[in-house]
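One-letter residues, chain by chain:
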Amino acid sequence: MINRSLLRALVTSAALAGAGALLAGCNGEDMSLANNAKANQPVPPKLIADMTAKDMDLQSPILVRLYKQEAELEIWKQDRSGRFALLKTYPICRWSGDLGPKVREGDRQAPEGFYTISPAQMNPQSAYYLSFNTGYPNAFDKALGRTGSQLMVHGDCSSRGCYAMTDEQIAEIYSLGRESFFGGQKSFQLQAYPFKMTPANMAKHRNNPNMPFWKMIKEGNDHFEVTKQEPKVDFCEKKYVFDAIKKPGATRDLVFDASAKCPDYAISDEIADGVREKLATDIAETARLIAKGTPVARINTGIDGGMHRVFAARVPEGSTGLSEPGEVSTLSLMARAPGTIPSHVNPPKAPSDNLLMGTPEPPKLAAAPAPTPAAAPTRVANAAPAAENNDGWFSSLARKVGIGGGADATASTPPAKPKVIEAKQTAPRPDASPPKAAAPKPDTKHAAASRPPLKPSVDTSAPAGKDNQVSGSAPIVSTNSFDSRFGAAK
């Protein structure tokens, strides 16, 4: 197995050689990829210090989890024991649509489910500062006939079916993904949920028509919670299958097709027993909460998405919308917003139509006393943008050196335990009822004359030096060696 330093050197050399070969036939816009400072910002020293404290390497694998109702994005990172641990939680500035999966193009829904992010899906030339494509639709979505494109996690705090962060946040998240690829991770997993899959939330949303789908993806959530390993994801019979392995004595490899009958597979006893125990505990607690009188959440009647309270409190007439404030957390007590809130931000409507039955309307969030940040230059997307996951020249390069991956590829998992049990072939019926499509809103953004090429990281201290480098990691890549790995897209 190629060690990380050698792999990084090979990729960097090949990328630079490829860039040189393209110079004769590319225009100025293509050439700018080789010097994209936004995509090459170093991981902030404070975050590197957090990795050291949690026994993580700078270039170890990452995993991303998203929650609409809590409006939070979590970065999990593999520590030196081989298990994933939470590195950092980022408040989401804006997401659109309703709780529930995306069903069709134009419904403004942000995706829910399990997706795979390869280097080809990372976009240093995004119209929204930086971005990565979620990979929607995956094989499951396609099997149900669901449509949609260019569903991203990006900056600019503006969403039409995406998960929008501030520019400073996406720069940091992008840098973590970049370093994991340099460390040899072929792709990282994105898990997108309507809310944290707790008994309290399952009880509150028990009458939602999306519940069969949510119970299905909760199984993947439980696999991760039990093992702290990235679950292997497959699809068959129009359902998700997690951590499937061959039965003892089987000679043929498992072949999965999202629209076809499931192959005869098994799940290791160690995983199956842990998941079964967790599920039984969660079901019992959910039943107790329902019997206790937990109110049912009303179905959305027109609110378009949500916003974390740390941003809503700093926007005139701001509201969290479908994102419930919940308990006071360190994120809510931040003295400053984690990044620049653009002047064109469009907060969700007041949540009066989404209240829990029989509960009073929550108080309106007051604006913070801190002065409003200076309005950032605005920008609009191109009239006819290329697709976010367009395969650039680096995609071919990545496949040659063995670090690329398709949108539906899955990362490798630890060897299965020898004991296995036969998996149940009955699957919950995913709900495909489309949510109500919100009327399109006019674009209020205007093209700016120019935009600064680079925003500072959230941490404004100096870049990490040698003393701050995590043990076992390679030095930060120079500014002209990484971003040409990715194809230019919107």
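Now for a quick tour of the structure. (Residues numbered from 1 in each chain as written. Predicted model: local features only at pLDDT ≥ 70, side-chain atom pairs only at ≥ 80, totals over all residues. Heavy atoms only, no water.)

1. So, the side chain of Gln 185
Looking at the secondary structure, you find Gln 185 in the loop between α5 (167-182) and β10 (188-193). A relative accessible area of 8% means that Gln 185 is categorised as buried. A distance of 3.1 Å separates a polar atom in the side chain of Gln 185 from the backbone oxygen of Ser 187. (Helix = DSSP H or I, 4+ residues; strand = E, 2+ residues; numbered from the N terminus. Buried < 20%, exposed > 50% of the residue type's maximum accessible area, 1.4 Å probe, protein only. Polar contact = N/O pair within 3.5 Å; in protein donor to acceptor, adjacent residues only side chain to side chain.)

2. Re helix α7 (residues 211-227)
Taking 1.5 Å per residue as the helical rise, α7 with its 17 residues ought to reach 24 Å, and the 24 Å between its terminal C-alpha atoms agrees with that figure. The buried fraction of α7 amounts to 12 of the 17 residues, a majority that puts the element mostly inside the structure. Along α7, the residues that are buried comprise Met 211, Phe 213, Trp 214, Met 216, Ile 217, Lys 218, Gly 220, Asn 221, Asp 222, His 223, Phe 224 and Thr 227. Note on α7: the residue one or two positions beyond its end, Lys 228, has a positive phi of about 55°. (Expected span 1.5 Å × (residues − 1).)

3. Details of the pairing of strand β11 (residues 233-236)
The alternating pattern of β11 places Val 233 and Phe 235 on one face and Asp 234 and Cys 236 on the opposite face, and all of these are buried. With 4 bridges connecting them, β11 and strand β12 (residues 239-242) associate as antiparallel partners. When the sheet's bridge partners are listed, Asp 234 is paired in β12 with Val 241. The antiparallel pairing of β11 with β12 creates a hairpin that spans 2 residues between the two strands, and Glu 237 there sits at a positive phi of about 50°. (Pairing = 2+ DSSP bridges.)

4. Observations concerning the pattern of salt bridges
Two side chains that carry opposite charge are able to pair once their charged atoms sit near each other. Applying the stated criterion to the full structure yields 23 salt bridges. A salt bridge links Lys 218 to Asp 282, with the nearest nitrogen and oxygen atoms 2.8 Å apart. In this pair, Lys 218 sits in helix α7 while Asp 282 sits in helix α8 (residues 269-292), placing the two residues 64 residues apart along the sequence. You'll find Lys 218 and Asp 282 in the same group, each marked buried. (Salt bridge = Lys/Arg side-chain N within 4 Å of Asp/Glu carboxyl O.)

5. Focus: the environment of Tyr 193
When you line up the elements, Tyr 193 lands in strand β10. You can call Tyr 193 buried: its relative accessible area is 0%. Note: C-alpha distance between Tyr 193 and Leu 99 (94 residues apart in sequence) is 8.7 Å. Contact partners of Tyr 193, with chain neighbours within four places excluded, come to Arg 65, Leu 66, Tyr 67, Lys 68, Glu 112, Phe 114, Ile 217, Gly 220 and Asn 221. (Contact = heavy atoms within 4.5 Å.)

6. Some words on the state of the cysteines
Taken as a whole, this structure holds 2 disulfides when the rule is applied. Shown here is the disulfide that connects Cys 93 with Cys 157, its sulfur atoms set 1.8 Å apart. In this structure, the disulfide formed by Cys 93 and Cys 157 twists by about -70° around the S-S bond and is classed as left-handed. On the criterion of sequence distance, the pair formed by Cys 93 in the loop between β3 (84-91) and β4 (94-95) and Cys 157 in the loop between β8 (152-154) and β9 (163-164) is long-range, its members being 64 residues apart. One exposure class covers both Cys 93 and Cys 157, and it is buried. Here the disulfide map of the protein reads 1-2, 3-4, the bonded cysteines being numbered as they appear in the sequence. (Disulfide = S-S within 2.5 Å.)

7. So, the sheet that holds strand β1 (residues 62-67)
The 5 strands are arranged β3-β2-β1-β10-β5 in an open sheet whose pairing can be described as mixed. Either end of the sheet is taken by a strand with one partner, and the two such strands are β3 and β5 (113-117). Averaged over neighbouring strand pairs, the angle between their axes works out to 20° when direction is ignored. In this structure, β1 lies alongside strand β2 (residues 72-78), joined through 6 bridges in antiparallel fashion. Paired with Leu 63 across the two strands is Trp 76, which belongs to β2. (Axes fitted to C-alpha atoms, helices over the stretch in contact; angles between N-to-C directions.)

8. Quick word on the nonpolar core
Burial of nonpolar side chains together is a common tendency in soluble globular proteins. Residues Leu 73 and Tyr 240 are the most contacted members of the largest nonpolar core, which totals 59 residues. Ranked by residue count, the leading element in this core is α5, at 6 residues. Not counting residues up to four positions away in its chain, the partners in contact with Leu 73 are Val 64, Arg 65, Leu 66, Lys 88, Thr 89, Tyr 90, Ile 92, Val 153, Met 165 and Ile 173. Core analysis: the second largest hydrophobic core is formed by 10 residues, Val 241, Cys 262, Ile 267 and Ala 272 among them. (Core = buried A, V, L, I, M, F, W, Y, C linked by side-chain atoms within 4.5 Å.)

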